[in-house]
Amino acid sequence: MGIVKQVTILGSTSTIGVNTLDVISTNRDKYSVFALTANTNIDLLEQQCRTYAPTYAALRHEKLARELGERLSDLPTVVVGGDNSLCDVASHPDTDMVMAAILGSAGLQPTLAAVRAGKRILLANKESLVMSGKLFMEQVRSNEAMLLPIDSEHNAIYQCLANGAVGHASGVKRLILTGSGGPLLRADISKMITVTPDQACAHPNWKMGRKISVDSATMMNKGLELLEASFLFDISPGLIDVMIHPESIVHSMVEYLDGSVVAQLGNPDMRTPIAHGLAWPDRVPSSVEPLNLTSNSGLHFEEVDHDRFPCLRLAREISEEPQGLFIALNAANEVAVKCFLDELIAFTDIPVIIEAVLEQTKAEEAPTIESVIELDRAARELALNRVNRKS
Ligand SMILES: NC(=O)c1ccc[n+]([C@@H]2O[C@H](COP(=O)([O-])OP(=O)(O)OC[C@H]3O[C@@H](n4cnc5c(N)ncnc54)[C@H](OP(=O)(O)O)[C@@H]3O)[C@@H](O)[C@H]2O)c1
């Protein structure tokens, strides 16, 4: 039997975190849970600690950490709290790999801490790469960390590339990111203003958290993925196309210069990329239903309608610009989506707010983590001002 790998899950209460624990349950002889973290959901975190008995549980809020510590006083799990607690468990010498599954910009610092400690990072938190891509990838290289993409599209591309990188000699012509088009693919555009949070979150194929579900409905998710892919695979955004594929079976493709198109297929279930990230370069079972192509009603592909999905157009328009605009796009989107989910603004206000923030943001690089945080803060303020003018 091989050595059991110690896994830290940043954001274990997320959809991705829950799926990661499920894959670990299927492979208990190979993986053990070292640390789990959450934001406020201590009921689920407590339950997860009782099932997986991690060495550590971490919560940023000291008060919640104390409460969880009291609840878990019968277990050997040590509960740590405070701003640095997530970074500490992510970079702990005894953890072998870190699943980065915290939602949004809150995931940046703990994920970077794991990178700086040279860990194997299973990257679900695409926002951290969008915000700090160049800096992040430099840190990956200089600390000899290993980055395995968990976003199903990027994981698919990773599997379609010979060694996970585009490189100069690999003969790649373009990457093709597929996207289902979400729940509003066929909706009447003139009625989009009345779309409710529940309608926007009713994704036809994937079960995900509410923020990324709204991102799928606006297709900002694909915009963030375009930027993420350009950093991950070191390729110009101009060589990355997006295609609608409503069935979510082909998770993405790589077209080579000789005309070959290599695709990765599977049922829409995040346990497949998670199992791939955990086991690479080996394979482990994931408990995902086997793909049955003969019972399928066909695989369809179509071009993106940018009038229907202005968020994707905005991401594409800034994709060759300096990092500062990526930070602004991500921050404005996080604020706008939260306000939409809180029913303060309409669905159609989301791209309007993002565009207004981009127009007011200087196109500049963000070479340090401090500059990333400052540009993120400034863009959030602009977005909130815009929301306040609307409501
Ligand atoms: N869901 C998917 O299928 C999918 C696919 C590809 C990529 N991703 C990416 O994976 C990440 C997670 O997505 P999700 O849909 O799984 O998320 P989710 O279900 O909405 O859960 C969000 C997670 O982040 C934690 N969190 C939120 N704010 C935090 C803060 N300020 N500090 C520390 N932790 C915080 C939450 O803790 P509490 O539960 O305590 O609030 C929870 O664990 C995102 O970056 C998303 O883009 C997700």
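Okay, so let's go over this structure. (Residues numbered from 1 in each chain as written. Predicted model: local features only at pLDDT ≥ 70, side-chain atom pairs only at ≥ 80, totals over all residues.)

**Some points on the overall build of the protein**
When its secondary structure is counted, the protein shows 15 helices and 11 strands. A globule of 391 residues ought to have a C-alpha radius of gyration of about 21 Å, and the protein, at 20 Å, matches this closely. On the principal axes, the C-alpha backbone points of the protein span a range of 55 × 50 × 40 Å. Here the protein holds 391 residues, and the buried ones make up 48% of them. A separation of at least 24 residues holds for 69% of the contacts in the protein among residues at least 6 apart in sequence. (Helix = DSSP H or I, 4+ residues; strand = E, 2+ residues; numbered from the N terminus. Rg over C-alpha atoms; globule rule 2.2 N^0.38 Å. Buried ≥ 20, exposed ≤ 12 C-beta atoms within 10 Å, placed from the backbone. Contact = placed C-beta atoms within 7 Å.)

**What to know about the sheet that holds strand β7 (residues 146-149)**
The strand order across the open sheet formed by seven strands is β4-β3-β2-β1-β5-β6-β7, and the pairing between neighbours is parallel. Whereas interior strands pair on both sides, the edge strands pair on one side only; in this sheet they are β4 (78-81) and β7. Strand-to-strand twist in this sheet, taken as the mean axis angle between neighbours without regard to direction, amounts to 20°. Of the strand pairs in this sheet, strand β3 (residues 56-59) and β4 are connected by four bridges, and their pairing is parallel. Looking across to β4, one finds that Tyr56 is bridged to Val78. Across the sheet, helix α1 (residues 15-26) touches β1 (5-10), β2 (31-38) and β5 (97-100), and the angle it forms with β1 is around 165°. (Pairing = 2+ DSSP bridges. Axes fitted to C-alpha atoms, helices over the stretch in contact; angles between N-to-C directions.)

**Some points on the packing of helix α6 (residues 126-142) against helix α15 (residues 369-390)**
One way to put it is that α6 packs onto α15 with a least axis distance of 10 Å and a crossing angle of 170°. The angle between the axes of α6 and α15 places the two elements in the roughly antiparallel class. Two secondary-structure elements touch here, α6 through Met131, Ser132 and Leu135 and α15 through Ile369, Val372 and Asp376. (Parallel < 35°, antiparallel > 145°, perpendicular 65-115°, else oblique.)

**Regarding the nonpolar core**
In terms of nonpolar packing, the biggest core is built from 111 residues, with Ala100, Leu122, Ala328, Ala332, Ala336, Ile354 and Ala383 touching the most fellow members. Looking at this core element by element, the count peaks at 12 residues for helix α13 (residues 323-341). If we ignore the near neighbours within four places in the chain, the residues touching Ala336 are Ile345, Asp349, Ile350, Ile353, Ile354 and Ala383. (Core = buried A, V, L, I, M, F, W, Y, C linked by C-beta atoms within 7 Å.)

**Some details on the site of the ligand**
As a structural note, the neighbourhood of the ligand is formed by 26 residues, with Ser14, Asn39, Ala106, Met208 and Gly209 the closest of them. Those elements giving two or more residues to the shell around the ligand turn out to be α1, α6 and α9 (210-218). In terms of residues, the shell around the ligand owes the most to one element, α1, which gives three residues. (Near = placed C-beta within 6 Å.)

**A few points about α15**
Helical geometry: 3.6 residues make up each α-helical turn, so side chains three or four residues apart lie on a common side. In this model α15 runs 32 Å from its N-terminal to its C-terminal C-alpha over 22 residues, within 8% of the 32 Å that 1.5 Å per residue would give. Inspection of α15 places Val372, Leu375, Asp376, Ala379, Leu382, Ala383, Arg386 and Val387 among the buried residues, and these make up the whole buried set. Seen along its axis, α15 keeps its buried residues to an arc of 140°; they face one direction. Counted as exposed and oriented over 90 degrees from the buried face of α15: Glu370, Arg377, Asn388 and Arg389. Buried residues along α15 sit in contact with α6, α13 and α14 (349-359). (Expected span 1.5 Å × (residues − 1). Arc of directions from axis to C-beta.)

**Thoughts on the environment of Pro197**
Along the chain, Pro197 turns up in helix α8 (residues 197-201). Pro197 gets classed as partly exposed once you count the C-beta atoms within 10 Å, which come to 17. Distance in space between the C-alpha atoms of Pro197 and Asp342 is 8.3 Å, their sequence separation being 145 residues. The contact partners of Pro197, leaving out residues within four places of it in the chain, are Phe340, Leu341 and Glu343.

**What about the packing of α14 against α15?**
Taken N-terminus to C-terminus, the directions of α14 and α15 make an angle of 130°; their axes are 9 Å apart at the nearest point. The pairing of α14 with α15 is recorded here as oblique in orientation. Handedness of the α14/α15 crossing: right-handed. Residue-level contacts link Asp349, Ile353, Ala356 and Val357 of α14 to Ala379, Leu382, Ala383, Arg386, Val387 and Lys390 of α15. Its residues placed into classes, the contact of α14 with α15 shows seven nonpolar, no polar and three charged. (Left-handed = near helix turned anticlockwise from the far one by under 90°. Nonpolar A, V, L, I, M, F, W, Y, C, P; charged D, E, K, R; others polar.)

**Thoughts on unusual backbone geometry**
Keep in mind that most residues, glycine aside, have a negative phi and that most peptide bonds are trans. With an omega dihedral of 5°, the bond running from Trp280 to Pro281 counts as a cis peptide bond. By the secondary structure assignment, Pro281 is in the loop between α11 (271-279) and α12 (310-318). Here the phi dihedral of Glu144 falls at roughly 50°; this positive angle occurs in a residue that is not glycine. Topologically, Glu144 is positioned in the loop between α6 and β7. The residue Met219 is not glycine, and still its phi comes out positive at about 65°. Mapped onto the elements of the fold, Met219 is located in the loop between α9 and α10 (220-232). With 29 C-beta atoms counted inside 10 Å, the residue Met219 sits in the buried group.

**Brief notes about the environment of Val214**
Inspection of the secondary structure assignment puts Val214 in helix α9. You can call Val214 buried: it has 27 C-beta atoms within 10 Å. C-alpha of Val214 to C-alpha of Leu341: the two residues are 127 residues apart in sequence and 8.5 Å apart in space. If sequence neighbours within four positions are ignored, Val214 has contacts with Ala200, Cys201, Val337, Phe340 and Leu341.

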